[in-house]
Amino acid sequence: MQYTIKRGDTLYQIAQRYGTTVNAILAANPQITNPSMIYPGQVITIPQEGGAVYTVQPGDTLSAIAQRYGVTVDAILAANPGITDPDLIYVGQQIRIPTGEVPTGGIVTPQPQYGYDEMVADIGQLTSTYPFLEVQSIGESVLGRELYVFKLGNGDREVFYHGAIHANEWITALLLMEFVEDYAEAYQEDNTLLGYDIRDLYNQVTIWVMPMANPDGVELVTEGISPENPYYELVLDANLGSTDFSRWKANIRGVDLNNQFPAFWELEAASGPDEPYYRDYAGPYAFSEPEAQAMGNFTYSHDFRLVLAIHTQGEVIYWGYRGYEPEISRTIVETMAEVSGYLPVQYVKSDAGYRDWFIQDWRRPGFTVEAGRGTNPLPISQFSEMYREVLPILLYGAVAY
Ligand SMILES: [Zn+2]
């Protein structure tokens, strides 16, 4: 595989990122005589142990093959969406073996209190580093922040992923930003990601990624609020007088954006608070908030085959809604569960969520991924593990239906 050196890279970092060693890189690149002298734009060869295609032999099992290559069964399944049952492989079958390492590095850096400004800075760097990346704003938040959506790919089949609709789940924005970067890097380098050929994926599927559906709420949780903010009084009341906003899920007007969609909205509204609150208030009516309106209009103006709502926490994947979900959702969630280790759960007692509305009105697959485990906001120390679990879901979601 070829890799183009970027500013700030060291051979040691590159080696780590691709699960190899500096010595192995030097052996593959005799033109590098001094390992500390590499320069941006220089193209080097990354020796790859993984990325192989393996032909199944008599007596093979997936776990034996995984052991041999030093990868997990989950990683092999993620790279081979055609294998729906890990016990059903046959002699002569060709299996893609992914590299053991998930590349993380470059622009998006996991950091505590990752908010709107950090995301905007990363969007700027990503679009200048990867000119083929398209990003658009589909509307504005209550306080006028842009609601950014990345367009990954050019295929006819469209899917839509969103994160951070709940303010204290801002780490999900970071998960999706990392995904955008890894996708873009793999596309640019004509490389695979967990065994997926990203150039093929680019041509077949358009993945729309909205990292942060609730930027005002995320800013409140990560930065706090000043008395000059027009919603200062409302927010303090809705947070029961406390200036600790770590439990805040709503937007800046105290409306829970994931209770804003017309799927049994009246039931949801009747079961929760009837005024602005740090969580669960469904608002005065469905689509009363600009963030929810923007997601609704965006969904009406596209033809999404499948949607993923990325939340924290619980390590579960919800896949049904009041029986409106198509039968294929059951099959899809089984694979998502296998590649992530998360538990599939058909129903949760809740209405008026984005995914609920999508399933109800389109009768297509929609999944809520509750990433990680702990108390929101989850600590940044969980990020790598969460990303390792969620990345195969994000890739598989693009080809599942
Ligand atoms: Zn949530």
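The shown structure was predicted, so the numbers you read here are calculated from the model rather than taken from an experiment.

Quick look at the overall build of the protein now. Across its full length, the protein holds 14 helices and 14 strands. Referenced to the eigenvectors of the C-alpha coordinate spread, the extents of the protein come out at roughly 65 × 50 × 35 Å. Each of the 401 residues in the protein was classed as buried or not, and the buried ones make up 46%. Contacts spanning at least 24 positions in sequence make up 76% of the contacts within the protein whose residues lie at least 6 apart.

Our next topic: the packing of helix 6 (residues 171-188) against helix 14 (residues 383-399). Between helix 6 and helix 14, whose axes approach to 10 Å, the crossing angle comes to 60°. One finds that helix 6 runs oblique with respect to helix 14. For the element pair helix 6 and helix 14, the recorded crossing hand is right-handed. Within the contact between the two elements, helix 6 uses Ile171, Leu174, Leu175, Glu178 and Phe179 and helix 14 uses Phe383, Met386, Tyr387, Val390, Leu391 and Leu394. When grouped by side-chain class, the residues that make up the contact of helix 6 with helix 14 number 10 nonpolar, no polar and 1 charged.

You can see Ser340 is positioned in helix 12 (residues 328-340). Residues Ser340 and Glu389 lie 49 residues apart in sequence; the distance between their C-alpha atoms is 4.5 Å. Apart from residues lying up to four places away in sequence, Ser340 is in contact with Glu389, Val390, Pro392 and Ile393.

This brings us to unusual backbone geometry. The omega torsion of the bond from Thr312 to Gln313 falls at 10°, within 30 degrees of zero and hence cis. Of note, Gln313 is situated in the loop between strand 11 (304-312) and strand 12 (316-318). Pro377 follows Asn376 through a cis peptide bond whose omega is -10°. When you line up the elements, Pro377 lands in the loop between strand 14 (366-371) and helix 14. Located in the positive-phi region is Ala352, a residue other than glycine, with phi close to 70°. By the element assignment, Ala352 lies in the loop between strand 13 (343-345) and helix 13 (354-362). On the basis of neighbour count, Ala352 is assigned to the buried category, with 25 C-beta atoms found within 10 Å.

This part covers the sheet that holds strand 14. Spatially, 5-6-10-7-11-14-12-13 is the arrangement adopted by the 8 strands of the open sheet, whose pairing is mixed. Of all strands in the sheet, those with a lone pairing partner are strand 5 (134-140) and strand 13, marking the two edges. Sheet twist, expressed as the average angle between the axes of neighbouring strands with direction ignored, equals 20°. Across 6 bridges, the pairing between strand 7 (residues 157-163) and strand 10 (residues 205-210) is parallel. Residue pairing for strand 10: Glu158 is matched across the bridge by Thr206. Along the sheet, helix 14 contacts strand 7, strand 10, strand 11 and strand 14; its crossing angle with strand 14, the most-contacted strand, is approximately 170°.

As for its placement among the helices and strands, Tyr396 is situated in helix 14. Since 22 C-beta atoms lie within 10 Å of it, Tyr396 is described here as buried. Through-space distance from the C-alpha of Tyr396 to that of Gly163 is 17 Å; in sequence the pair is 233 residues apart. The residues contacting Tyr396, other than those within four sequence positions of it, are Ala78, Pro81, Thr335, Met336 and Val339.

Turning to the pairing of strand 14, a few remarks are in order. Taken across its 6 residues, strand 14 has 6 buried, putting it largely inside the fold. Residues of strand 14 alternate between two faces, with Gly366, Thr368 and Glu370 on one and Phe367, Val369 and Ala371 on the opposite face, all of them buried. Pairing geometry for strand 11 and strand 14, over 6 bridges, is parallel. Among the inter-strand pairings, Ala309 is bridged to a residue of strand 14, identified as Thr368.

When the pLDDT values of the protein are averaged, the result is 91; 95% of them are 70 or greater. Overall, residues 100-104 carries pLDDT values under 50, and its contacts beyond four positions in sequence, including any with other chains, amount to 16 contacts.

Grouped together as the largest cluster of nonpolar side chains are 109 residues, with contacts concentrated most on Ala173, Leu175, Val180, Val209 and Val390. Among the elements that make up this core, the one with the highest residue count is helix 6 (11 residues). Three or more residues apiece are contributed to this core by two domains, here domain 2 (53-96) and domain 3 (116-216 + 290-399). Ranked by size, the runner-up nonpolar core spans 5 residues in total, among them Tyr3, Leu11, Ile14 and Ile25.

Within a regular strand, side chains alternate between the sheet's two faces. Taking burial as the measure, the 7 residues of strand 7 include 5 buried ones, the bulk of the element. For strand 7 and strand 11, the ladder comprises 6 bridges, and the chain directions are parallel. When the sheet's bridge partners are listed, Gly163 is paired in strand 11 with Ile310.

Rules behind the numbers
Every chain is numbered independently, its residues counted from 1 as its sequence is written. Reporting in this predicted model follows two pLDDT cut-offs: at least 70 for local features of residues, and 80 or more for side-chain atom pairs to be given and counted; totals over whole chains, interfaces and linings ignore these cut-offs and use all residues. Secondary structure is summarised from DSSP: a helix means a run of H or I of at least four residues, a strand means a run of E of at least two, and numbering begins at the N terminus for each. In this scheme every C-beta is placed from the backbone, and a residue whose C-beta has 20 or more other C-beta atoms within 10 Å is buried, one with 12 or fewer is exposed, and one in between is partly exposed. In this description, any two residues whose backbone-derived C-beta atoms lie within 7 Å of each other are considered to be in contact. Each axis is a line fitted through C-alpha atoms, taken for helices only over the stretch in contact, and angles between the N-to-C directions span 0 to 180 degrees. Oblique is the label for any angle not under 35 degrees, not over 145, and not in the 65 to 115 range, which are roughly parallel, roughly antiparallel and roughly perpendicular in turn. In this scheme the crossing of two helices becomes right-handed for a clockwise turn of the near helix relative to the far one and left-handed for an anticlockwise turn of less than a right angle. Three categories are distinguished: nonpolar for Ala, Val, Leu, Ile, Met, Phe, Trp, Tyr, Cys and Pro, charged for Asp, Glu, Lys and Arg, and polar for the others, with Gly belonging to the last. When DSSP finds at least two bridges between two strands, those strands are taken to pair. For every residue, the predictor reports its confidence as pLDDT, a number between 0 and 100. Core membership is restricted to buried Ala, Val, Leu, Ile, Met, Phe, Trp, Tyr and Cys residues, and these are joined into a nonpolar core through C-beta atoms within 7 Å. Throughout, the edges of the domains are those of an automatic or database domain assignment.

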